[in-house]
Amino acid sequence: MIREFGPDEVVFILMAARWTLVLSAIAFAGGSVGGLLVAMARISPSRWLAGAAMVFIRFFQGTPPLMQLFLVFFGITIFGVDVAPLTAAAIALTLHASAFLGEIWRGCIQAVPSGQTEASWALGLRYGMRMRHIVLPQAARIAVAPTVGFAVQLIKVTSLASIIGFVELTRAGQIINNATYEPFMVFGLVALVYFAICWPLSLVARRMERRFARIAAR
Amino acid sequence: MKHNSIRMTLVAAGICLGLGGTAAAQTTPEEIQERGTVNIGMLVDFPPFGIINQQGQPDGYDADVAKLLAEDMGVEVNLVAVTGPNRIPYLLSNRVDLEVASLGITPERAERVDYSAPYAGISISLYGDGGLEISDPADLSGQTIGVARASTQDNALTAVAPDDATIQRFDDDASAVQALVSGQVPLIGASNTVIAELEGMAPDRFDTKFDLARQMQGIAVHPQSDELTAYLDDFLARMKENGELNAIHEKWLDAPLPDFVRTTSSAQEALDYYAE
Amino acid sequence: MNYNLDFAPVFARWPDLLSGAWVTLQLSFGAMALGLIVAVLGVWGRTAGPTPVQWLIAAYVEIIRNTPFIVQIFFIFFGLPALGIRFSPNVAALVALVINVTAYAIEILRAGIEAIPKGQTEAGTALAMSRLQIFRHVVFMPALRTVYPALTSQFIFLFLSTSVVSVISANDLTATGNDINAQTFASFEIYLVITAIYLVMSLGFSALFATIHRVAFSYPLSR
């Protein structure tokens, strides 16, 4: 049953990378919605809401992502619901991304100069209007760089889904390695694929950060 | 903040305690036949029992047995890839109807799941570097041995290894074998199938030191699924009789179905064998 | 069959949980300390070394920062023996953690150093300070103060990453959980308890870092 590390194996690993991308995309999309809610809750005048958001963030920033995956994976079934590894991973990583993006975006919203808020009060804008037309558009500009940076982190975290048996890039590498005994080649290739996905994003994030720093310094 | 986080954890635990009601239920053959599909869990990293073939599909001895079973039941088969440590949780949480996942029949596991009669069997030995002079458990003093966590190898080795032997537990067999091949451990507890594979890859590098145990693998089902277990026992008896199971064994392992598997007709007999 | 949470089998194993948590702490503190030392050397090479060294360190930082830790640890444990480099699982875990955190720490420290105005180092030169003195007193220490929050959150991230080392049979807290899971199958209960232990430890790290910050970097500077 020993196999050569040949073109079929390379293709298997490359094809599995799409599941890494799919999982990342789901978690990022879900996390964006969740993150916005968490950020708004975090800065809301209601102490209860702000506190709940804080606890949510602390939990996800203070526990290993692997445990978050395990808890969702083994926990949901207790409620009698059947989950596939992809679903469990998508839910866990969506919550994970919601907490991190929520905290990043809260920082960005609060970085908008308070004069802007005061000016909109003076114009008689209500909370919703103020957020939608004045604060969030400005916060969004600040948020782009750290958000792209977090996307890189999220793509790397999806590799943990391999441990609950979801066949994405890392798990595909493990399976091929177990059949070929070529760890150097296999994990070298797996690392290369991750690098090819993450590095361009890292470069974009850094360029945006620099540009923003220049604008801010002006 | 500190208190809030801890409280949150407790609240989460409380919710689970409060709502923890329905989950795993017994499975019957009728239920599966009505649905028209049987969800069968299997390993994909345990050659030659469970592998991913060149087309990227689950394959191997277990897959062929699973397909034969589905054919016998007259339903479609849905093969679900499980991992060694996840096998029992998958079953208990209803993600699969049953598992043809090279799950060795052990008394500990029999407390959590029900088994069919054995459909396969392997013998387990201590295996490792050819240069090491080891012929019985006492010689393991001071040695490091790799095994898959909580596997039959692990249990058998833990029972006989001296106190100053180091047992290194990996998540699955494949990682333990990987550790032996890459030189991270000099010895592993391994099945005859793994040993045959390694002999083919690196003849003369390793040899078998001594036998640890025999293991019989059963099809695992939800606890108290007596009807399904009876169905499976009957299915296996027929397939052993007509030689189909033997043909699959020859195909994947180049050897006939071991006698100790062929003559054991229920999980209880297999458990009695261990008790001896 | 009803699912009732049963924590008894988990708490029955508390000595194992404690020793697992102890390995996790050792790995975390070990990797933080070693990582910081190597990163200081690395950032010195990255900012003041000869060009090839700068390139090499930059490549190392980019490769590590853009690949997952679990792939790095597989590569180190299973791949490196092909080159004759072999570690026991816990040591391999420590090495992988150090290699990982060093890359992030170099990048964080470099950002802090780049934020030091040129005039500061020029003033150092004018005061006849040596290159090493300038690096230490004018560049590094102020930079460390600036990047302290980023560095410590990276350290907490490192601590959380240690949960992955069980894949190479290191016996940390998560590995202990996997052991108990394999024997009792009370998966959810076990991982809930383990998660709570991680949470308490990470809050402990946050408190420790905050205390260090107060003591070491309080204004006005004591000297």
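In this convention, every chain numbers its residues from 1, walking through the sequence in written order. By the order in which they are written, chains take letters starting at A while ligands take numbers starting at 1. Owing to the predicted nature of the model, reporting of local features is limited to residues with pLDDT of at least 70; listing and counting of side-chain atom pairs is limited to 80 or more, with chain, interface and lining totals taken over all residues. Remark: hydrogens and water are excluded; side-chain values derive from all non-hydrogen atoms of the structure.

Assigned secondary structure in chain C consists of 9 helices and 0 strands. When the helices and strands of chain C are placed in sequence order, the string is α-α-α-α-α-α-α-α-α. By its C-alpha atoms, chain C is 80 × 45 × 25 Å across when sized along the principal axes. Whether a residue is buried, partly exposed or exposed follows from its accessible area with a 1.4 Å probe, protein chains only, as a fraction of its type maximum: under 20%, in between, or over 50%, in that order. Per-residue burial for chain C yields a buried fraction of 54% across its 223 residues. Here the analysis covers contacts within chain C between residues at least 6 apart in sequence; of these, 77% occur between residues at least 24 apart. The averaged location of the 9 negative side-chain charges in chain C is 17 Å from the averaged location of its 11 positive side-chain charges. To qualify as a helix, a DSSP run of H or I must reach at least 4 residues; to qualify as a strand, a run of E must reach at least 2; elements of each kind are numbered from the N terminus. In this description, contact between two residues means that some pair of their heavy atoms is separated by no more than 4.5 Å. For the charge count, each Lys or Arg is scored as positive and each Asp or Glu as negative, with His and the chain ends excluded. A charge is said to be at NZ when it belongs to Lys, at CZ for Arg, at CG for Asp and at CD for Glu.

Looking now at the packing of helix α3 (residues 51-65) of chain C against helix α5 (residues 89-114) of chain C. Residue and element names in this part refer to chain C. Inter-axis angles, ranging from 0 to 180 degrees, are taken between N-to-C directions of lines fitted to C-alpha atoms, where helices are fitted over the stretch in contact. Axis separation between α3 and α5 bottoms out at 9 Å; the angle between their running directions is 115°. In terms of their interaxial angle, α3 and α5 are classed as roughly perpendicular. Pair α3 / α5 crosses with left-handed handedness. Two secondary-structure elements touch here, α3 through I57, Y60, V61, I64 and R65 and α5 through V98, I99, N100, T102, A103, Y104, I106 and E107. Here the contact of α3 with α5 is composed, by residue class, of 9 nonpolar, 2 polar and 2 charged. The cut-offs work like this: below 35 degrees is roughly parallel, past 145 is roughly antiparallel, 65 to 115 is roughly perpendicular, and the gaps in between are oblique. Note: crossing handedness is left-handed where the near helix turns anticlockwise from the far helix by less than a right angle, and right-handed where it turns clockwise. The residue classification treats Ala, Val, Leu, Ile, Met, Phe, Trp, Tyr, Cys and Pro as nonpolar and Asp, Glu, Lys and Arg as charged. All others, Gly included, are polar.

Residues and elements named next belong to chain A. Note on aromatic contacts: the rings of Phe and Tyr and the six-membered ring of Trp form a pair at centre separations within 6.5 Å, being stacked when their planes are under 30 degrees apart, edge-to-face when over 60 apart, and tilted otherwise. Applying the stated criterion across every chain yields a total of 27 aromatic pairs over all chains. Seen from their ring centres, W19 and F166 are 6.1 Å apart, and the 80° between their planes marks the pair as edge-to-face. Placement of the pair is W19 in helix α1 (residues 7-42) and F166 in the loop between α6 (127-157) and α7 (169-180), with a sequence separation of 147 residues. Among the residues examined, W19 registers a relative accessible area of 33% and is labelled partly exposed.

Okay, the environment of F12(A) next. Mapped onto the elements of the fold, F12(A) is located in helix α1. Owing to a relative accessible area of 17%, F12(A) belongs among the buried residues under this scheme. In the structure, F12(A) is positioned 157 residues away from L169(A) in sequence and 9.2 Å away in space, judged by C-alpha atoms. Aside from chain neighbours lying at most four places away, what touches F12(A) is V167(A), A172(A), I175(A), I176(A), I52(B) and G56(B).

On the surface, a cluster of nonpolar side chains totalling about 360 Å² of accessible area is made up of F184(A), M185(A), L83(C) and I85(C). Within the element layout of this structure, I85(C) appears in the loop between α4 (69-79) and α5. Residues forming no salt bridge and having over 30% relative accessible area are the ones grouped into patches, like charges within 9 Å of each other and nonpolar side chains (Val, Leu, Ile, Met, Phe, Trp, Tyr) within 5 Å. The Shrake-Rupley method, run with a 1.4 Å probe sphere, supplies the accessible areas, and residue values consider only the shown protein chains as cover. Here a salt bridge means any side-chain nitrogen of Lys or Arg lying within 4 Å of a carboxyl oxygen belonging to Asp or Glu.

What follows concerns the sheet that holds strand β9 (residues 187-191) of chain B. Residue and element names in this part refer to chain B. Two strands form a pair only when DSSP identifies at least two bridges running between them. Pairing in this open sheet of 8 strands is mixed, and the strands run β4-β1-β5-β10-β6-β9-β7-β8 from one edge to the other. The open sheet has two free edges, formed respectively by β4 (76-82) and β8 (166-170), since each of these has just one partner strand. In this sheet, adjacent strand axes meet at a mean angle of 25° when their direction is disregarded. Pairing of strand β6 (residues 114-129) with strand β10 (residues 206-221), which is carried by 13 bridges, proceeds in the antiparallel orientation. Note that in β10 the partner of G121 across the bridge is M216.

When a protein is soluble and globular, its nonpolar side chains tend to lie buried together. By nonpolar core is meant a set of buried Ala, Val, Leu, Ile, Met, Phe, Trp, Tyr and Cys residues that side-chain atoms within 4.5 Å join together. Within the largest apolar cluster, 213 residues are counted, with the highest numbers of intra-cluster contacts made by Y61(B) and L98(B). Ranked by residues supplied to this core, first place goes to helix α7 (residues 131-161) of chain C with 15 residues. For Y61(B), the contacting residues outside a window of four places in its chain are P48(B), F49(B), Y119(B), A120(B), L245(B), I248(B), H249(B), W252(B), L253(B) and L257(B).

Counting from both sides, the interface comprises 36 residues of chain A and, opposite them, 37 residues of chain C. Summed over both partners, buried area is the accessible surface (1.4 Å probe) that two parts give up on being assembled. For the pair chain A and chain C, the two sides together bury roughly 3,100 Å², of which 77% comes from carbon and sulfur. Applying the counting criterion to the chain A and chain C interface returns 1 salt bridge. Linking E62(C) and R206(A) is a salt bridge whose minimum nitrogen-to-oxygen distance equals 2.9 Å. Counted as a polar contact is a pair of N or O atoms within 3.5 Å, where, for protein atoms, one must be capable of donating a hydrogen and the other of accepting one, and residues adjacent in sequence contribute only when both atoms are in side chains. Scanning the region where chain A abuts chain C turns up 6 residue pairs in polar contact (both at pLDDT 80 or more). For the side of chain A that touches chain C, the secondary structure elements donating two or more residues are α2 (47-62), α3 (65-75), α6, α7 and α8 (183-217) of chain A. Of the residues forming the side of chain A that touches chain C, the biggest block, 12 residues, is contributed by α8(A). Residues belonging to the side of chain A that touches chain C are distributed by class as follows: 22 nonpolar, 11 polar and 3 charged.

Our focus in this paragraph is a negative patch on the surface. All names here are of chain B. Together, E30, E31, E34, D226 and E227 make up a region of like negative charge exposed at the surface. If you list the elements that add at least two residues to the negative patch, you get α2 (29-35) and α9 (226-241). At 3 residues, the largest contribution of residues to the negative patch is made by α2. One can find E34 in helix α2. Given the relative accessible area of 71%, E34 is considered exposed.

As a further point, take the packing of α1(A) against α2(A). Residues and elements named next belong to chain A. The N-to-C vectors of α1 and α2 enclose an angle of 130°; their axes lie 7 Å apart at closest approach. As judged from the angle between their axes, α1 and α2 are oblique. The element α1 and its partner α2 pack so that their crossing is left-handed. Counted together, V38, A41 and R42 of α1 and L49, A50, A53, M54, F56 and I57 of α2 form the full contact between these two elements. Looking at the contact of α1 with α2 residue by residue, the classes come out as 8 nonpolar, no polar and 1 charged.

A separate point is the confidence of the model for chain C. Residue and element names in this part refer to chain C. pLDDT is a residue-level measure of predictor confidence that goes from 0 to 100. Averaged over every residue, the pLDDT of chain C is 89; residues scoring 70 or more account for 96%. Element-level pLDDT for chain C is lowest in helix α6 (residues 118-126), with a mean of 85, against a maximum mean of 96 in α3. Quick note on the complex model: pTM equals 0.79, ipTM equals 0.88.

Here the focus is α2(A). Expected span, for any helix, means 1.5 Å times one less than how many residues it has. Here α2(A) spans 22 Å end to end across 16 residues, near enough to the 22 Å set by a 1.5 Å rise per residue. Listed in full, the buried residues belonging to α2(A) are A50(A), A53(A), M54(A), V55(A), F56(A), I57(A), F59(A), F60(A) and G62(A).

This part is about the pairing of β6(B). Residues and elements named next belong to chain B. The buried count for β6 comes to 13 of 16 residues, which makes it a mostly enclosed element. Both β6 and β9 contribute to a ladder of 5 bridges, which runs antiparallel. Bridging from a neighbouring strand, S125 pairs with A190 of β9.

All names here are of chain B. Of all residues in chain B, 90% have pLDDT values of 70 or greater, and the mean over the chain is 85. Confidence scores differ between elements of chain B, with helix α1 (residues 2-19) showing the lowest mean pLDDT of 41 and helix α3 (residues 61-73) the highest of 96. Considering only residues more than four positions removed or in separate chains, one finds that residues 1-24, a stretch of pLDDT under 50, has 39 contacts.

Taken as a whole, this structure holds 16 salt bridges over all chains when the rule is applied. A salt bridge links D45(B) to R171(A); the shortest N-O distance between them is 3.3 Å. With D45(B) in the loop between β1 (37-43) and β2 (51-52) and R171(A) in helix α7, the pair connects residues from two separate chains. Summarising the burial analysis for this pair, D45(B) and R171(A) share the class buried.

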